[in-house]
Structures are given as C-alpha cells and as structure tokens.
Amino acid sequence: MFDTSFFVGLFPIMFRYVDVTLGISLASLVLALAIAFIIAAAYYLEIPVLKSICHGWVSLFRGTPLLAQLFWICYGLPQIIIPMQKLSIMTLIILGVAFNASSYMSETLRGALSSVNKGQMEACLACGMTRWQGFCRIVLPQAMRVAVPGLSNNFVDIIKQSSLAFTLGVTEIMAVAKMEGATNLKFLESFTAVMIVYWLIVTFFNYVQKLLEKVLSRMY
Amino acid sequence: MKEIMLKLKGIKKSFEGKTVLDGIDLEVKRGEVVAIIGPSGTGKSTLLRCINLLEIPDEGTVTIGELEVTAPKIKRKEQYDLRGQTSMVFQQYNLFANKTALENITEPLTRVKHLKKEEARRQGREILKVVGLTEKEKEYPSRMSGGQQQRVGIGRALATHPKVMLLDEPTSSLDPELVGEVLDVVRTLASKHITMLITTHEMDFARSVADRVLFLADGRIQEEGTPKQIFDFPKTERLKIFLSHYHS
C-alpha cells in the first residue's frame, strides 16, 4: 500500500528544491516588509496622497485571490508594461507574493502601531522632535514588539503560498511532489512527503519567532 | 521690567462645538512661575496644549521669545520651532518606554538640539543628579515608580533649556506618598527661576511655589493674582465656591 522506501527516497530530492521555496519566501518577506513599513508609516503619519495610494493597494491585494494576482502579474501586466517582460518568472512570482503579503503585513503593523500609547508621540512632539523622528525612534520600536507574532504568521503564510509558484512552471518542492507523484503514480507518498517538508520549515520558523520574541521582551 | 517669555492673545479652542477656551490673554515674564487652578474639564490642560500646539487653537496668537504664530494656519516648521522652545511634563509621565532614564533625557538633546552623544550623556547625568536619580540611569520606565518616572519626565523637560516649561498636573496620577518627591523637584526649579506654567489641584503647592495664580473656569481666566490674593482674598463667587471644596 504505502511504499516506504519510495517515500523516504523523496526527501533528498525535495531538499534539493527547498532553496527555491525558501528563496521565494525570504525574498518576498524582505520586499513585503519594506512595502508594509511604507504603508504603515503613510497611515500613521497621515501623509496625504501616499495614504490614498496605500489604501487602494491594500484593498486590491487583500480583496482578490493570490492565484489571480500571480497570473495577472506574470502573464497579464507584462503585455502592457514592457519592462516586465525582461523579468524572470521567478522574479515576477516574488513580486506577486510580496505585494500580496505587504497588504496583510501593513495591517499587522497598523494594529501594532495603534497599540502604542498616543502619549508617546505627544511626548516626542512636545520636546521638539518631528513626527518622523518620533515614529522611527519611539513609536515603531515599541510597535515592533507587538507586531512580531503577527508578522511571523504573515511570513508562515508566505512560505505556504510560495507553493503556488508551481502553477506558473517554477520547480520548487510542491512541483517536485506533483511530478514524482505523477510519474510513479504514488500520490499518497509524494504529497505526504511535501506536507512534512512544509511542516518542518514552518516549525523551524516558529521556533525562530519564539527566540525573537524572547529577545525583544528582554530589552525593556 | 523683566522680558516677556510667553504671550497669549485671544486663544480660543472648541471641540465638536463645545467651547473649551474662550479667549485667553496671558503674559508670562522670564523666571515667573504661574499656577493654573480651576474645576476639572475647564480647559486647563487644553490651554497648556495650545501653547505648545499639541492642540492647534481655533484662533489667537502664541508668542514665545521671538517666535510668534497665529492660529489656525500654522506651518509645520513653525510648530516644530515653537515646540523646540518649550517642553512639557505630562500627567501620565509619557516617558519613552523603549528608552532608559538617561536615554529619555538625551533623546531630545541629540535629536532636537543636535548635541554630540557624549555631550548629551554628560548633560543627561547632570540632570539626573538634579532630580536625584543618578542611580537609575540605566533603568527602563516600566521598572521605576510613578514618582521616579515623573522626576525623569521633569528632567527630560528641563534638559533642553526651554524658554517655558509646561507642567500638566504633574502629580495627579501619583500615589499620595510619592507626590512630595515630585513637588520638591518642581520647587527646586522654581527657586532657579525657570519659567513655568503649572496646572494643579494641589492648592498648598500652588500657594507655596507660584508667583501668580490664575483661576480658570468656563474657558476664561476668571481671576488672577498673587497666591495671597487668590487664596486668602478671593473676589469672585466662582472662586470662593471652588476654594471652599479644598478647605473642608
């Protein structure tokens, strides 16, 4: 029934492609965080035009499925935005996953920022600091401690969503599982194996999150 | 004739149609300590917050030193410049939670006054000595008592050498046994002729520390004078009733 030796043999093959999954995930994380910070700052500091743009951005990427967004970015947009044709499919997927995640991460950050006592910013302003200084040096550092669990959840979502890359022809662990399963007609073994690999990756990052939280709470 | 440090002219402020300040005129001289008393919700805090523009007045002119701004259209740059000339002590302390006692004091020095880090730390330690917290230098606010936090708050406000210090009910959230240590620090500042505006419910303190007392009610200064005039010879009925609550 269950081909154990085939099952065990899948892991070395999959681990060869873990770097693709992690590559997409980590690159998306960095880009998504950068965008999320801009969005959160635009909201918190109420920067006029930027705030409206960010509102549209978040609404678009939270209001549509990631799969549709990926096809839109990889196949749709390059038809009118010519420079996008030069980008590899991998890069486009990273953009898509990051744009999507940025909308969720910005909401996480926004919640964390609003949990910081308003008096903190007032104290900054009252002693002559600018809103930007107050945001960067006092409010954001305090918000980060609150945001870490939420952002970690967002990151775990990114890891899992990177599996959609296989629908666009990128070979990562999900694609390997599908191919191995199909060529050997052993779907149970293949998809069980891929579930376990994802689960191991996510468990590892949950552990990193715990460490990060501990370090942050030790500070003050 | 001493130099005028702070001048308010026709300050008005309302929130959602409710008038809180209804035309405040005030002049404060260098080194003067002015206590503002009055019933709760009468706009004492709003008045202080209109001076450093944490609230933008609906009308009126604020002048601090050479700098004059006219509400309601005040440019961001003018707001920052004006706030740089003042400092505030908050009822809820509002110490920077992610900074140590010393860093709370040096933060405005390095960011606003652009002092070098070492010089800021040297001055910060001097200030901690003044407020009697030298040994708490590395402590975070969450690990200090309310009284200690407020003393750091006063230190932070003092360190930038403001033209005017605004103290918004500095002892109102403190446990009674901690009020004394904070008032002592404020008294020390008063004796050094630091220009201060203090809103307070501590009448004995206002009497002993202030050069002048304002009685604020219904958005206006109803009566003002020396502590003796205000507390011993109140003229208006409003003030007499208000003071009677404190003598029982």
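Cut-offs and rules
Residues numbered from 1 in each chain as written. Chains lettered and ligands numbered in written order. Predicted model: local features only at pLDDT ≥ 70, side-chain atom pairs only at ≥ 80, totals over all residues. Heavy atoms only, no water. Core = buried A, V, L, I, M, F, W, Y, C linked by side-chain atoms within 4.5 Å. Buried < 20%, exposed > 50% of the residue type's maximum accessible area, 1.4 Å probe, protein only. Helix = DSSP H or I, 4+ residues; strand = E, 2+ residues; numbered from the N terminus. Contact = heavy atoms within 4.5 Å. Pairing = 2+ DSSP bridges. Axes fitted to C-alpha atoms, helices over the stretch in contact; angles between N-to-C directions. Salt bridge = Lys/Arg side-chain N within 4 Å of Asp/Glu carboxyl O. Bend = angle between axes of the 7 residues up to and from the residue. Phe/Tyr/Trp six-rings, centres within 6.5 Å; stacked < 30°, edge-to-face > 60°. Lys NZ or Arg CZ within 6 Å of the ring centre and 35° of its normal.

Asks: How do you make sense of the nonpolar core when you look at a structure like this?
Replies: Considering soluble globular proteins, one finds that nonpolar side chains tend to be buried as a cluster. Ranked by internal contacts, the top residues of the largest apolar core, which has 104 residues, are Ile93(A), Leu6(B), Leu8(B) and Leu197(B). When residues of this core are assigned to their parent elements, the largest contribution, 17 residues, is made by helix 1 (residues 4-44) of chain A. Excluding its chain neighbours within four sequence positions, the residues that come into contact with Ile93(A) are Ile24(A), Leu70(A), Cys74(A), Ala165(A), Leu168(A) and Val170(A). Counting 35 residues, the second largest nonpolar core, distinct from the first, contains Val131(B), Val182(B), Met196(B) and Phe205(B).

Asks: Explanation requested: the sheet that holds strand 6 (residues 86-89) of chain B in the structure shown.
Replies: Residues and elements named next belong to chain B. The strand order 6-7-8-3-9-10 describes an open sheet built from six strands, whose pairing is mixed. Where the open sheet ends on each side, the last strands, each with one partner, are strand 6 and strand 10 (220-225). Averaged over all neighbouring strand pairs, the angle between strand axes comes to 20°, with direction disregarded. With respect to the sheet, helix 1 (residues 44-51) is in contact with strand 3 (33-37), strand 6, strand 7 (164-168), strand 8 (196-199) and strand 9 (212-217), its orientation differing from that of strand 7 by roughly 150°. Here helix 5 (residues 146-159) sits on the sheet in contact with strand 6 and strand 7, set at roughly 175° to strand 6.

Asks: What is the right way to look at the sheet that holds strand 4 (residues 59-64) of chain B in this model?
Replies: Note: strands within a sheet are paired through backbone hydrogen bonds, in either parallel or antiparallel orientation. Residues and elements named next belong to chain B. Strand order across the open sheet formed by four strands is 2-1-4-5, with antiparallel pairing between neighbours. The open sheet has two edge strands, strand 2 (18-29) and strand 5 (67-70), and neither has a second partner. In this sheet, adjacent strand axes meet at a mean angle of 10° when their direction is disregarded. Bridge analysis of strand 1 (residues 4-15) against strand 2 gives nine bridges, and the strand direction is antiparallel. Residue Lys7 lies in a different strand from strand 2, and its bridge partner there is Glu27. Across the sheet, helix 2 (residues 76-84) lies against strand 4 and strand 5, angled at about 135° from strand 5, the strand it touches most.

Asks: Please clarify how the pattern of salt bridges should be interpreted in this entry.
Replies: Oppositely charged side chains can form a pair if their charged atoms are brought close together. Across all of its chains, the model carries 23 salt bridges over all chains by this definition. When the shortest N-O distance is used, the salt bridge between Asp157(A) and Lys160(A) registers 3.9 Å. Linking Asp157(A) with Lys160(A), this pair stays in helix 6 (residues 131-161), spanning three residues, or about one helical turn. Taking the relative accessible area as the measure of exposure, Lys160(A) reaches 43% and is therefore partly exposed. Through salt bridges with shared partners, one network takes in Arg137(A), Lys99(B), Glu107(B) and Arg111(B).

Asks: Even after reading the chapter, I still don't get the side chain of Lys13(B), so can you show me in this structure?
Replies: Mapped onto the secondary structure, Lys13(B) falls in strand 1. Leave out the neighbours within four places in its chain, and Lys13(B) touches Lys18(B), Thr19(B), Val20(B), Leu21(B), Thr46(B), Cys50(B), Glu55(B), Ile56(B), Pro57(B) and Asp58(B).

Asks: How should unusual backbone geometry be read in this particular structure?
Replies: Note: most peptide bonds trans; most residues except glycine with negative phi. Residue and element names in this part refer to chain B. The omega torsion across Ala71 and Pro72 is 0°, close enough to zero to call that bond cis. Residue placement: Pro72 occurs in the loop between strand 5 and helix 2. In this structure, Tyr93 is a non-glycine residue whose phi angle is positive, near 65°. With respect to the element layout, Tyr93 can be found in the loop between strand 6 and helix 3 (101-111). Even without a glycine there, the phi angle at His161 is positive, about 50°. Note on placement: His161 falls in the loop between helix 5 and strand 7.

Asks: So what exactly am I meant to see when it comes to the environment of Leu113(A) here?
Replies: Residues and elements named next belong to chain A. Looking at the secondary structure, you find Leu113 in helix 4 (residues 89-115). Remark: the alpha-carbon pair of Leu113 and Ser5, spanning 108 residues in sequence, is separated by 51 Å. Those residues in contact with Leu113, other than ones at most four positions away along the chain, are Ala40, Tyr44, Phe135, Val139, Leu140 and Ala143.

Asks: Explain helix 1 of chain A here, please?
Replies: Given 3.6 residues per helical turn, the α-helix brings residues three or four places apart onto the same face. Helix geometry: helix 1 of chain A is bent most strongly at Arg16(A), by close to 40°. Positive backbone phi, at 50°, marks Glu46(A), one or two positions downstream of helix 1 of chain A.

Asks: What should I look at first to understand the packing of aromatic side chains in this one?
Replies: Between two aromatic rings, the relevant description is the distance of the centres plus the angle of the planes. Overall, the coordinates contain 14 aromatic pairs over all chains when judged by the stated rule. With a centroid separation of 5.2 Å and 40° between ring planes, the pair formed by Phe215(B) and Phe242(B) is classed as tilted. With a gap of 27 residues between them, Phe215(B) in strand 9 and Phe242(B) in helix 9 (residues 237-247) connect regions that are remote in the sequence. Both residues of the pair, Phe215(B) and Phe242(B), belong to the buried class. One aromatic cluster is present, built from ring pairs that chain together Phe2(A), Phe7(A), Phe11(A) and Phe15(A). A cation sits over an aromatic face here: Arg110(A) above Tyr43(A), 4.2 Å from the ring centre.

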